Amino acid sequence: MQKFIIMGGNRLSGEITLQGSKNSSLPIMAAALLAEGECVLKSCPLLTDVYSASRILNCLGCRCRLSSGNAIIDASDVSAFEIPKELMREMRSSIMFMGAILGRMGECIISIPGGCELGPRPIDMHLAALKKMGVDISDNGGIIHCRIPSGRANGAKISLSFPSVGTTENIILCAVTAEGETIINNAAREPEICDLCRFLRACGAEIKGDGESRIIINGVKKLHGCEYTIMPDRIAGATYLAMTAATGGEMILKNACIAEMEPFISVFEQTGCGIYAADNKIYIRKGARLRAIKDRIRTMPHPGFPTDAQAVLMSALIKADGTSVFEENIFDCRYRHTDALIKMGADIQVMGKIAVIRGVKKLHGADIEATDLRGGAAMAVAALSAEGTTHLGNISHIDRGYEKFENIVSSLGGRIQRE
Ligand code: EPU
(Lines give C-alpha, C1' and ligand atoms only; values in the text may rest on other atoms or scores of the structure.)
Protein backbone atom coordinates (compact mmCIF):
# COMPACT_ATOMS: atom_id res chain seq x y z
CA MET A 1 0.00 0.00 0.00
CA GLN A 2 1.38 3.41 -0.95
CA LYS A 3 1.79 6.34 1.40
CA PHE A 4 2.70 10.02 1.33
CA ILE A 5 5.58 11.32 3.37
CA ILE A 6 4.86 14.96 4.03
CA MET A 7 7.30 17.35 5.67
CA GLY A 8 5.26 20.28 6.88
CA GLY A 9 6.15 23.88 7.48
CA ASN A 10 6.63 25.32 3.99
CA ARG A 11 4.35 28.14 2.86
CA LEU A 12 2.73 27.08 -0.39
CA SER A 13 3.04 29.57 -3.19
CA GLY A 14 2.65 29.65 -6.96
CA GLU A 15 -0.05 28.98 -9.52
CA ILE A 16 -1.84 25.81 -10.51
CA THR A 17 -4.51 24.78 -13.01
CA LEU A 18 -7.58 23.13 -11.59
CA GLN A 19 -8.41 19.61 -12.85
CA GLY A 20 -11.73 18.63 -14.41
CA SER A 21 -14.45 17.58 -11.99
CA LYS A 22 -14.56 13.98 -10.78
CA ASN A 23 -18.22 14.18 -9.84
CA SER A 24 -19.11 15.48 -13.31
CA SER A 25 -16.87 13.12 -15.25
CA LEU A 26 -18.31 9.94 -13.77
CA PRO A 27 -22.01 10.49 -14.59
CA ILE A 28 -21.03 11.99 -17.96
CA MET A 29 -19.00 8.87 -18.79
CA ALA A 30 -22.09 6.81 -17.91
CA ALA A 31 -24.20 9.16 -20.07
CA ALA A 32 -21.90 8.57 -23.07
CA LEU A 33 -23.37 5.06 -23.13
CA LEU A 34 -26.61 6.60 -24.37
CA ALA A 35 -25.02 8.21 -27.43
CA GLU A 36 -24.83 6.27 -30.67
CA GLY A 37 -21.52 7.72 -31.83
CA GLU A 38 -18.23 8.97 -30.45
CA CYS A 39 -18.06 11.32 -27.45
CA VAL A 40 -14.87 13.24 -26.76
CA LEU A 41 -14.72 14.41 -23.15
CA LYS A 42 -12.08 17.07 -22.71
CA SER A 43 -10.56 17.90 -19.34
CA CYS A 44 -11.53 14.49 -17.99
CA PRO A 45 -9.21 13.96 -14.99
CA LEU A 46 -7.10 10.81 -14.88
CA LEU A 47 -8.17 9.32 -11.54
CA THR A 48 -8.71 5.78 -10.30
CA ASP A 49 -12.52 6.32 -10.31
CA VAL A 50 -12.32 7.43 -13.95
CA TYR A 51 -10.31 4.28 -14.77
CA SER A 52 -13.04 2.25 -13.05
CA ALA A 53 -15.74 3.95 -15.15
CA SER A 54 -13.67 3.22 -18.25
CA ARG A 55 -13.45 -0.48 -17.30
CA ILE A 56 -17.24 -0.60 -16.86
CA LEU A 57 -17.79 0.97 -20.30
CA ASN A 58 -15.38 -1.46 -21.95
CA CYS A 59 -16.99 -4.44 -20.30
CA LEU A 60 -20.37 -3.33 -21.69
CA GLY A 61 -18.96 -3.38 -25.22
CA CYS A 62 -18.07 0.32 -25.61
CA ARG A 63 -14.65 1.49 -26.68
CA CYS A 64 -13.27 3.88 -24.06
CA ARG A 65 -9.77 5.34 -24.30
CA LEU A 66 -8.21 7.67 -21.76
CA SER A 67 -5.30 9.84 -22.76
CA SER A 68 -3.76 13.12 -21.68
CA GLY A 69 -6.85 14.61 -20.14
CA ASN A 70 -9.35 13.31 -22.70
CA ALA A 71 -11.77 10.41 -22.56
CA ILE A 72 -12.91 9.15 -25.95
CA ILE A 73 -15.94 6.91 -25.72
CA ASP A 74 -17.66 5.15 -28.58
CA ALA A 75 -20.83 3.39 -27.49
CA SER A 76 -22.00 2.45 -31.00
CA ASP A 77 -21.62 -1.28 -30.30
CA VAL A 78 -22.90 -1.70 -26.73
CA SER A 79 -23.48 -5.41 -26.34
CA ALA A 80 -23.86 -6.24 -22.63
CA PHE A 81 -26.07 -5.00 -19.81
CA GLU A 82 -24.43 -6.60 -16.76
CA ILE A 83 -21.76 -4.97 -14.58
CA PRO A 84 -19.71 -7.58 -12.66
CA LYS A 85 -19.78 -7.32 -8.87
CA GLU A 86 -16.07 -6.49 -8.59
CA LEU A 87 -16.48 -3.46 -10.89
CA MET A 88 -19.61 -2.30 -9.04
CA ARG A 89 -17.67 -2.38 -5.77
CA GLU A 90 -14.85 -0.12 -7.02
CA MET A 91 -16.80 3.13 -6.56
CA ARG A 92 -20.18 4.63 -5.64
CA SER A 93 -20.67 6.08 -9.13
CA SER A 94 -21.00 2.61 -10.63
CA ILE A 95 -24.69 3.05 -9.68
CA MET A 96 -24.97 5.83 -12.32
CA PHE A 97 -24.65 3.20 -15.02
CA MET A 98 -28.03 1.76 -13.98
CA GLY A 99 -30.08 4.62 -15.49
CA ALA A 100 -27.83 4.84 -18.54
CA ILE A 101 -27.85 1.09 -19.34
CA LEU A 102 -31.64 1.02 -18.91
CA GLY A 103 -31.97 4.03 -21.21
CA ARG A 104 -29.89 2.33 -23.89
CA MET A 105 -30.69 -1.37 -23.48
CA GLY A 106 -33.95 -1.59 -21.49
CA GLU A 107 -32.39 -4.08 -19.07
CA CYS A 108 -29.48 -4.17 -16.62
CA ILE A 109 -27.96 -6.35 -13.94
CA ILE A 110 -25.96 -4.63 -11.21
CA SER A 111 -25.18 -5.00 -7.50
CA ILE A 112 -24.64 -2.70 -4.51
CA PRO A 113 -21.99 -0.05 -5.32
CA GLY A 114 -18.80 0.62 -3.30
CA GLY A 115 -17.30 4.04 -2.53
CA CYS A 116 -16.30 5.99 0.56
CA GLU A 117 -17.75 4.81 3.86
CA LEU A 118 -19.57 7.88 5.08
CA GLY A 119 -22.39 6.08 6.93
CA PRO A 120 -25.26 4.20 5.31
CA ARG A 121 -25.51 4.94 1.57
CA PRO A 122 -28.66 3.12 0.45
CA ILE A 123 -29.98 3.18 -3.13
CA ASP A 124 -33.66 3.00 -2.19
CA MET A 125 -34.48 6.38 -3.79
CA HIS A 126 -32.80 5.36 -7.07
CA LEU A 127 -34.82 2.13 -7.23
CA ALA A 128 -38.14 3.74 -6.24
CA ALA A 129 -37.74 6.41 -8.95
CA LEU A 130 -36.92 3.89 -11.67
CA LYS A 131 -39.91 1.76 -10.65
CA LYS A 132 -42.11 4.81 -11.27
CA MET A 133 -40.68 4.93 -14.78
CA GLY A 134 -41.91 1.41 -15.51
CA VAL A 135 -38.77 -0.55 -14.56
CA ASP A 136 -39.35 -4.00 -12.98
CA ILE A 137 -36.74 -4.59 -10.30
CA SER A 138 -35.84 -7.79 -8.46
CA ASP A 139 -33.12 -8.23 -5.86
CA ASN A 140 -31.67 -11.71 -5.61
CA GLY A 141 -29.15 -11.75 -2.74
CA GLY A 142 -27.72 -8.35 -3.70
CA ILE A 143 -27.82 -8.93 -7.48
CA ILE A 144 -30.27 -6.37 -8.80
CA HIS A 145 -32.01 -7.19 -12.06
CA CYS A 146 -33.84 -4.29 -13.73
CA ARG A 147 -35.99 -4.74 -16.81
CA ILE A 148 -38.36 -2.55 -18.77
CA PRO A 149 -41.01 -4.90 -20.25
CA SER A 150 -41.72 -2.66 -23.27
CA GLY A 151 -38.00 -1.96 -23.80
CA ARG A 152 -38.43 1.81 -23.29
CA ALA A 153 -39.05 3.52 -19.94
CA ASN A 154 -42.05 5.80 -19.53
CA GLY A 155 -41.87 9.40 -18.41
CA ALA A 156 -43.12 9.99 -14.86
CA LYS A 157 -43.64 12.68 -12.24
CA ILE A 158 -41.18 11.97 -9.42
CA SER A 159 -40.96 13.92 -6.16
CA LEU A 160 -37.81 13.23 -4.17
CA SER A 161 -37.99 13.24 -0.36
CA PHE A 162 -34.40 14.61 -0.34
CA PRO A 163 -32.49 16.24 -3.24
CA SER A 164 -30.14 13.27 -3.74
CA VAL A 165 -27.43 13.96 -6.32
CA GLY A 166 -27.07 10.38 -7.54
CA THR A 167 -30.82 9.75 -7.69
CA THR A 168 -31.40 12.93 -9.70
CA GLU A 169 -28.64 11.88 -12.13
CA ASN A 170 -29.98 8.34 -12.51
CA ILE A 171 -33.50 9.60 -13.26
CA ILE A 172 -32.15 12.04 -15.86
CA LEU A 173 -30.09 9.27 -17.49
CA CYS A 174 -33.09 6.98 -17.75
CA ALA A 175 -35.50 9.77 -18.76
CA VAL A 176 -33.62 11.31 -21.70
CA THR A 177 -34.57 8.41 -24.01
CA ALA A 178 -37.85 7.49 -22.24
CA GLU A 179 -41.28 7.77 -23.83
CA GLY A 180 -42.82 11.14 -22.90
CA GLU A 181 -42.13 13.72 -20.21
CA THR A 182 -40.42 13.22 -16.85
CA ILE A 183 -40.66 15.82 -14.10
CA ILE A 184 -38.33 15.67 -11.09
CA ASN A 185 -39.50 17.73 -8.12
CA ASN A 186 -37.05 18.55 -5.31
CA ALA A 187 -34.21 17.67 -7.68
CA ALA A 188 -30.58 18.15 -6.60
CA ARG A 189 -29.20 21.47 -7.86
CA GLU A 190 -25.46 20.74 -7.67
CA PRO A 191 -23.35 22.27 -10.49
CA GLU A 192 -22.35 18.75 -11.56
CA ILE A 193 -26.02 18.02 -12.37
CA CYS A 194 -26.00 21.05 -14.69
CA ASP A 195 -22.78 19.79 -16.28
CA LEU A 196 -24.38 16.40 -16.95
CA CYS A 197 -27.43 18.10 -18.50
CA ARG A 198 -25.28 20.38 -20.67
CA PHE A 199 -23.47 17.30 -21.98
CA LEU A 200 -26.74 15.46 -22.65
CA ARG A 201 -28.19 18.50 -24.46
CA ALA A 202 -25.05 18.56 -26.64
CA CYS A 203 -25.95 14.94 -27.54
CA GLY A 204 -29.50 15.93 -28.50
CA ALA A 205 -31.42 15.49 -25.21
CA GLU A 206 -34.28 17.82 -24.23
CA ILE A 207 -33.86 18.94 -20.62
CA LYS A 208 -35.00 22.13 -18.88
CA GLY A 209 -34.71 23.42 -15.34
CA ASP A 210 -31.36 21.90 -14.26
CA GLY A 211 -29.87 23.99 -11.46
CA GLU A 212 -33.41 24.49 -10.13
CA SER A 213 -35.58 22.23 -7.99
CA ARG A 214 -37.82 21.16 -10.86
CA ILE A 215 -36.23 19.47 -13.87
CA ILE A 216 -38.30 18.62 -16.94
CA ILE A 217 -37.05 16.06 -19.45
CA ASN A 218 -38.73 15.27 -22.76
CA GLY A 219 -37.63 11.84 -23.93
CA VAL A 220 -36.10 11.58 -27.40
CA LYS A 221 -35.56 8.37 -29.41
CA LYS A 222 -31.80 8.59 -29.83
CA LEU A 223 -28.76 10.60 -28.73
CA HIS A 224 -25.69 11.28 -30.83
CA GLY A 225 -22.02 11.77 -29.94
CA CYS A 226 -20.43 15.16 -29.26
CA GLU A 227 -17.31 16.91 -28.02
CA TYR A 228 -17.64 18.34 -24.53
CA THR A 229 -15.40 19.97 -21.91
CA ILE A 230 -15.95 18.82 -18.30
CA MET A 231 -16.34 21.62 -15.74
CA PRO A 232 -13.52 22.32 -13.26
CA ASP A 233 -13.51 20.45 -9.94
CA ARG A 234 -14.79 22.84 -7.27
CA ILE A 235 -13.94 20.43 -4.42
CA ALA A 236 -10.34 19.94 -5.56
CA GLY A 237 -10.26 23.75 -5.86
CA ALA A 238 -11.46 24.11 -2.26
CA THR A 239 -8.75 21.65 -1.17
CA TYR A 240 -5.93 23.70 -2.75
CA LEU A 241 -7.36 26.93 -1.29
CA ALA A 242 -7.48 25.26 2.14
CA MET A 243 -3.86 24.11 1.80
CA THR A 244 -2.66 27.58 0.88
CA ALA A 245 -4.61 29.23 3.72
CA ALA A 246 -3.42 26.62 6.26
CA THR A 247 0.25 27.16 5.38
CA GLY A 248 0.02 30.97 5.29
CA GLY A 249 0.80 30.97 1.57
CA GLU A 250 -0.24 32.63 -1.66
CA MET A 251 -1.67 31.01 -4.78
CA ILE A 252 -3.40 31.64 -8.09
CA LEU A 253 -5.89 28.94 -8.99
CA LYS A 254 -6.43 28.90 -12.76
CA ASN A 255 -9.37 27.26 -14.59
CA ALA A 256 -11.53 27.94 -11.51
CA CYS A 257 -15.35 27.93 -11.69
CA ILE A 258 -15.88 31.12 -9.74
CA ALA A 259 -19.68 31.09 -9.42
CA GLU A 260 -19.73 27.46 -8.28
CA MET A 261 -16.89 28.11 -5.80
CA GLU A 262 -18.63 31.12 -4.21
CA PRO A 263 -19.35 29.29 -0.89
CA PHE A 264 -15.58 28.74 -0.42
CA ILE A 265 -14.62 32.24 -1.45
CA SER A 266 -16.91 33.72 1.20
CA VAL A 267 -15.73 31.29 3.90
CA PHE A 268 -12.03 32.02 3.27
CA GLU A 269 -12.80 35.76 3.31
CA GLN A 270 -14.22 35.29 6.81
CA THR A 271 -10.95 33.68 7.95
CA GLY A 272 -9.13 36.89 7.03
CA CYS A 273 -7.57 35.67 3.78
CA GLY A 274 -7.20 38.08 0.90
CA ILE A 275 -9.18 36.36 -1.83
CA TYR A 276 -10.10 37.76 -5.25
CA ALA A 277 -11.81 36.11 -8.17
CA ALA A 278 -11.94 37.19 -11.82
CA ASP A 279 -11.49 35.72 -15.31
CA ASN A 280 -11.66 32.07 -14.20
CA LYS A 281 -8.89 32.65 -11.66
CA ILE A 282 -8.96 32.79 -7.87
CA TYR A 283 -6.12 34.47 -5.99
CA ILE A 284 -5.68 33.70 -2.29
CA ARG A 285 -3.15 35.05 0.19
CA LYS A 286 -2.73 34.64 3.92
CA GLY A 287 0.23 35.73 5.96
CA ALA A 288 -0.79 35.95 9.62
CA ARG A 289 -2.92 33.52 11.67
CA LEU A 290 -6.36 32.64 10.26
CA ARG A 291 -9.50 33.68 12.16
CA ALA A 292 -12.06 31.06 13.20
CA ILE A 293 -15.43 31.22 11.43
CA LYS A 294 -18.08 32.86 13.65
CA ASP A 295 -21.21 31.29 12.19
CA ARG A 296 -21.77 27.56 12.33
CA ILE A 297 -20.67 25.90 9.06
CA ARG A 298 -23.66 23.79 8.04
CA THR A 299 -23.24 21.34 5.19
CA MET A 300 -26.33 21.42 2.99
CA PRO A 301 -27.39 20.45 -0.52
CA HIS A 302 -26.36 23.04 -3.14
CA PRO A 303 -26.35 26.06 -2.93
CA GLY A 304 -25.42 25.41 0.72
CA PHE A 305 -21.89 24.61 1.91
CA PRO A 306 -20.90 21.25 0.34
CA THR A 307 -20.27 18.24 2.55
CA ASP A 308 -17.33 17.32 0.28
CA ALA A 309 -15.41 20.42 1.42
CA GLN A 310 -16.17 20.04 5.14
CA ALA A 311 -13.04 18.03 5.98
CA VAL A 312 -10.54 20.21 4.09
CA LEU A 313 -11.96 23.43 5.53
CA MET A 314 -11.79 21.90 9.00
CA SER A 315 -8.07 21.22 8.50
CA ALA A 316 -7.48 24.84 7.53
CA LEU A 317 -9.23 25.98 10.72
CA ILE A 318 -7.33 23.78 13.19
CA LYS A 319 -4.74 26.50 13.85
CA ALA A 320 -7.15 29.43 13.49
CA ASP A 321 -7.61 31.97 16.26
CA GLY A 322 -10.85 31.03 18.09
CA THR A 323 -13.47 28.30 17.84
CA SER A 324 -15.25 27.10 14.69
CA VAL A 325 -18.29 24.81 14.69
CA PHE A 326 -19.35 22.43 11.91
CA GLU A 327 -22.73 20.75 11.46
CA GLU A 328 -22.69 17.81 9.01
CA ASN A 329 -26.18 17.33 7.61
CA ILE A 330 -25.66 15.10 4.57
CA PHE A 331 -23.87 11.96 5.78
CA ASP A 332 -24.11 10.24 9.18
CA CYS A 333 -20.43 9.39 9.45
CA ARG A 334 -18.34 12.10 7.82
CA TYR A 335 -16.00 13.01 10.68
CA ARG A 336 -13.81 9.90 10.40
CA HIS A 337 -10.78 12.10 9.59
CA THR A 338 -10.93 13.84 12.98
CA ASP A 339 -9.11 11.07 14.93
CA ALA A 340 -6.04 11.54 12.72
CA LEU A 341 -6.20 15.34 13.08
CA ILE A 342 -6.42 14.96 16.87
CA LYS A 343 -3.37 12.67 16.76
CA MET A 344 -1.55 15.58 15.07
CA GLY A 345 -2.44 17.90 17.94
CA ALA A 346 -5.82 19.34 16.86
CA ASP A 347 -8.43 20.17 19.51
CA ILE A 348 -11.63 18.72 18.01
CA GLN A 349 -14.70 17.46 19.80
CA VAL A 350 -17.30 15.52 17.85
CA MET A 351 -20.85 15.15 19.17
CA GLY A 352 -23.11 13.47 16.62
CA LYS A 353 -23.46 15.82 13.67
CA ILE A 354 -21.56 18.63 15.43
CA ALA A 355 -17.77 19.10 15.48
CA VAL A 356 -16.20 21.87 17.58
CA ILE A 357 -12.70 22.98 16.54
CA ARG A 358 -10.77 25.07 19.06
CA GLY A 359 -7.77 26.69 17.41
CA VAL A 360 -4.35 25.44 18.56
CA LYS A 361 -1.00 27.16 18.00
CA LYS A 362 0.72 24.25 16.26
CA LEU A 363 0.36 20.77 14.83
CA HIS A 364 2.97 18.02 14.70
CA GLY A 365 3.60 15.23 12.21
CA ALA A 366 2.20 11.75 12.91
CA ASP A 367 1.66 8.28 11.43
CA ILE A 368 -1.91 8.33 10.11
CA GLU A 369 -4.15 6.58 7.59
CA ALA A 370 -6.59 8.15 5.12
CA THR A 371 -10.13 7.08 6.02
CA ASP A 372 -11.89 8.26 2.84
CA LEU A 373 -11.24 10.54 -0.14
CA ARG A 374 -11.90 14.01 1.31
CA GLY A 375 -10.82 12.97 4.81
CA GLY A 376 -7.48 11.86 3.33
CA ALA A 377 -7.06 15.18 1.52
CA ALA A 378 -7.84 16.98 4.79
CA MET A 379 -5.08 15.03 6.53
CA ALA A 380 -2.63 16.14 3.81
CA VAL A 381 -3.70 19.77 4.36
CA ALA A 382 -3.02 19.42 8.10
CA ALA A 383 0.31 17.66 7.47
CA LEU A 384 1.53 20.49 5.23
CA SER A 385 0.87 23.00 8.01
CA ALA A 386 2.35 20.81 10.78
CA GLU A 387 5.86 20.79 12.24
CA GLY A 388 7.79 17.64 11.36
CA THR A 389 7.03 14.66 9.17
CA THR A 390 3.71 12.91 8.59
CA HIS A 391 3.41 9.42 7.16
CA LEU A 392 -0.02 9.32 5.52
CA GLY A 393 -1.08 5.79 4.54
CA ASN A 394 -3.98 4.39 2.53
CA ILE A 395 -3.61 7.09 -0.11
CA SER A 396 -5.53 5.08 -2.70
CA HIS A 397 -8.48 7.08 -1.29
CA ILE A 398 -6.84 10.34 -2.39
CA ASP A 399 -5.98 8.92 -5.83
CA ARG A 400 -9.70 8.38 -6.44
CA GLY A 401 -10.35 12.11 -6.64
CA TYR A 402 -7.18 14.19 -7.06
CA GLU A 403 -5.18 14.18 -10.28
CA LYS A 404 -1.39 14.32 -9.79
CA PHE A 405 -1.89 15.38 -6.17
CA GLU A 406 1.76 15.26 -5.10
CA ASN A 407 2.95 16.98 -8.30
CA ILE A 408 0.60 19.89 -7.66
CA VAL A 409 1.56 20.17 -3.99
CA SER A 410 5.28 19.99 -4.91
CA SER A 411 4.85 22.64 -7.61
CA LEU A 412 3.58 24.96 -4.87
CA GLY A 413 6.65 24.24 -2.74
CA GLY A 414 5.07 21.63 -0.45
CA ARG A 415 7.38 18.79 0.53
CA ILE A 416 5.60 15.53 -0.33
CA GLN A 417 6.79 12.18 -1.59
CA ARG A 418 4.97 9.03 -2.61
CA GLU A 419 6.46 5.81 -1.28
N1 EPU B 1 -29.58 8.67 0.17
C2 EPU B 1 -30.52 7.75 0.56
N3 EPU B 1 -31.06 6.93 -0.39
C4 EPU B 1 -30.68 6.99 -1.71
C5 EPU B 1 -29.70 7.93 -2.09
C6 EPU B 1 -29.16 8.77 -1.13
O7 EPU B 1 -30.89 7.67 1.73
O8 EPU B 1 -31.21 6.20 -2.52
C9 EPU B 1 -28.97 9.55 1.20
C10 EPU B 1 -27.48 9.22 1.39
O11 EPU B 1 -27.30 8.11 2.26
C12 EPU B 1 -26.92 10.51 1.95
C13 EPU B 1 -27.77 11.56 1.24
O14 EPU B 1 -28.95 10.89 0.76
O15 EPU B 1 -27.12 10.58 3.33
C16 EPU B 1 -27.05 12.27 0.10
O17 EPU B 1 -26.70 11.35 -0.89
P18 EPU B 1 -26.60 11.72 -2.45
O19 EPU B 1 -27.38 10.72 -3.20
O20 EPU B 1 -26.94 13.17 -2.62
O21 EPU B 1 -25.05 11.54 -2.69
P22 EPU B 1 -24.33 10.62 -3.76
O23 EPU B 1 -24.95 10.77 -5.09
O24 EPU B 1 -24.13 9.25 -3.22
C25 EPU B 1 -22.70 12.53 -4.49
C26 EPU B 1 -21.21 12.73 -4.59
C27 EPU B 1 -20.61 12.75 -3.21
C28 EPU B 1 -21.22 13.91 -2.45
C29 EPU B 1 -22.75 13.77 -2.42
C30 EPU B 1 -23.45 14.95 -1.77
C31 EPU B 1 -20.62 11.67 -6.67
C32 EPU B 1 -19.94 10.57 -7.36
N33 EPU B 1 -20.65 11.61 -5.35
O34 EPU B 1 -22.90 11.32 -3.79
O35 EPU B 1 -19.21 12.99 -3.39
O36 EPU B 1 -20.73 13.91 -1.13
O37 EPU B 1 -23.25 13.65 -3.77
O38 EPU B 1 -23.13 16.13 -2.41
O39 EPU B 1 -21.10 12.61 -7.31
C40 EPU B 1 -16.91 12.81 -2.92
O41 EPU B 1 -16.69 13.32 -4.02
O42 EPU B 1 -16.03 12.65 -2.04
C43 EPU B 1 -18.27 12.38 -2.60
C44 EPU B 1 -18.55 11.54 -1.60
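Residues numbered from 1 in each chain as written. Predicted model: local features only at pLDDT ≥ 70, side-chain atom pairs only at ≥ 80, totals over all residues. Heavy atoms only, no water.

Asker: I would appreciate a short explanation of the site of the ligand in the present structure.
Answerer: Near the ligand there are 24 residues, and of these D124, S164, V165, D308 and I330 occur at the shortest range. Between the ligand and N23, the relevant distance is 3.0 Å, taken from an oxygen atom to a side-chain nitrogen or oxygen of the residue. Look at the ligand: alone it shows 830 Å² of surface, and the protein chains cover 88% of it. Cavity membership is defined here by more than half of the atoms lying within 2 Å of grid points; on that basis the ligand lies in the largest pocket. Looking at the shell around the ligand, the elements that each hand over two or more residues are helix 1 (22–31), helix 5 (124–132), helix 6 (165–175) and helix 12 (373–384). Across the shell around the ligand, the residue classes break down as ten nonpolar, seven polar and seven charged. (Near = heavy atom within 4 Å. Polar contact = N/O pair within 3.5 Å; in protein donor to acceptor, adjacent residues only side chain to side chain. Areas by Shrake-Rupley, 256 points an atom, 1.4 Å probe, with all protein chains shown as cover. 1 Å grid on protein atoms, 1.4 Å probe; cavity = no way out; pocket = protein on both sides within 12 Å on 5 of 7 lines; lining within 4 Å. Sits in = over half its atoms within 2 Å of the grid points. Helix = DSSP H or I, 4+ residues; strand = E, 2+ residues; numbered from the N terminus. Nonpolar A, V, L, I, M, F, W, Y, C, P; charged D, E, K, R; others polar.)

Asker: Just to check I follow, could you spell out the pairing of strand 16 (residues 281–285) for this structure?
Answerer: A regular strand places its side chains on the two faces of the sheet in alternate fashion. Because side chains alternate across strand 16, one face comprises the buried residues I282 and I284, and the other comprises K281, Y283 and R285, none of which is buried. Pairing between strand 14 (residues 250–254) and strand 16: five bridges, direction antiparallel. Paired with K254 across the strands is K281, a residue of strand 16. Pairing of strand 15 (residues 274–278) with strand 16 involves five bridges; the strand directions are antiparallel. Across the sheet, the residue bridging to G274 is R285, located in strand 16. Hairpin connection between strand 15 and strand 16: a loop of two residues separates the two successive antiparallel strands, and D279 in this loop has a positive phi of roughly 50 degrees. (Buried < 20%, exposed > 50% of the residue type's maximum accessible area, 1.4 Å probe, protein only. Pairing = 2+ DSSP bridges.)

Asker: Please explain the sheet that holds strand 22 (residues 389–393) as it appears in this structure.
Answerer: Working definition: the strands of a sheet are paired by backbone hydrogen bonds and lie parallel or antiparallel to each other. Reading across from one edge, 21-22-1-23 is the order of the four strands in this open sheet, with mixed pairing throughout. A strand with exactly one partner marks an edge of an open sheet, and here the two such strands are strand 21 (367–369) and strand 23 (415–418). Direction aside, the axes of adjacent strands within the sheet are offset by 20 degrees on average. Looking at chain direction, strand 1 (residues 4–7) and strand 22 are connected through four bridges and run antiparallel. The residue of strand 22 that forms the bridge with I6 is T390. Where helix 12 meets the sheet, it contacts strand 1, strand 21, strand 22 and strand 23, and its direction lies at approximately 170 degrees from that of strand 22. (Axes fitted to C-alpha atoms, helices over the stretch in contact; angles between N-to-C directions. Contact = heavy atoms within 4.5 Å.)

Asker: Would you mind going over helix 5 with me for this structure?
Answerer: Structural remark: α-helix, 3.6 residues per turn; residues separated by three or four positions point the same way. Within helix 5, the full set of buried residues consists of H126, L127, A129 and L130. Viewed along the axis of helix 5, the buried residues span an arc of 165 degrees, placing them on a single side of the element. Buried positions along helix 5 lie against helix 4 (96–105), strand 7 (136–140), strand 8 (143–147), strand 9 (157–159) and helix 6. Two residues or fewer past helix 5, G134 is found with a positive phi of approximately 90 degrees. (Arc of directions from axis to C-beta.)

Asker: Just checking my understanding: could you explain the packing of aromatic side chains for this structure?
Answerer: Each aromatic ring pair is described using two quantities: the centre-to-centre distance and the angle formed by the ring planes. According to the stated counting rule, one finds seven aromatic pairs in the structure shown. Seen in terms of ring centroids, Y240 and F405 are 6.3 Å apart; in terms of plane orientation they differ by 35 degrees. Their pairing is tilted. Of this pair, Y240 sits in helix 8 (residues 234–246) while F405 sits in helix 14 (residues 405–411), placing them 165 residues apart in sequence. Between Y276 and Y283, the aromatic rings sit 5.9 Å apart at their centres with planes inclined by 15 degrees, giving stacked as the arrangement. The exposure class of Y283 is partly exposed, given its relative accessible area of 23%. (Phe/Tyr/Trp six-rings, centres within 6.5 Å; stacked < 30°, edge-to-face > 60°.)

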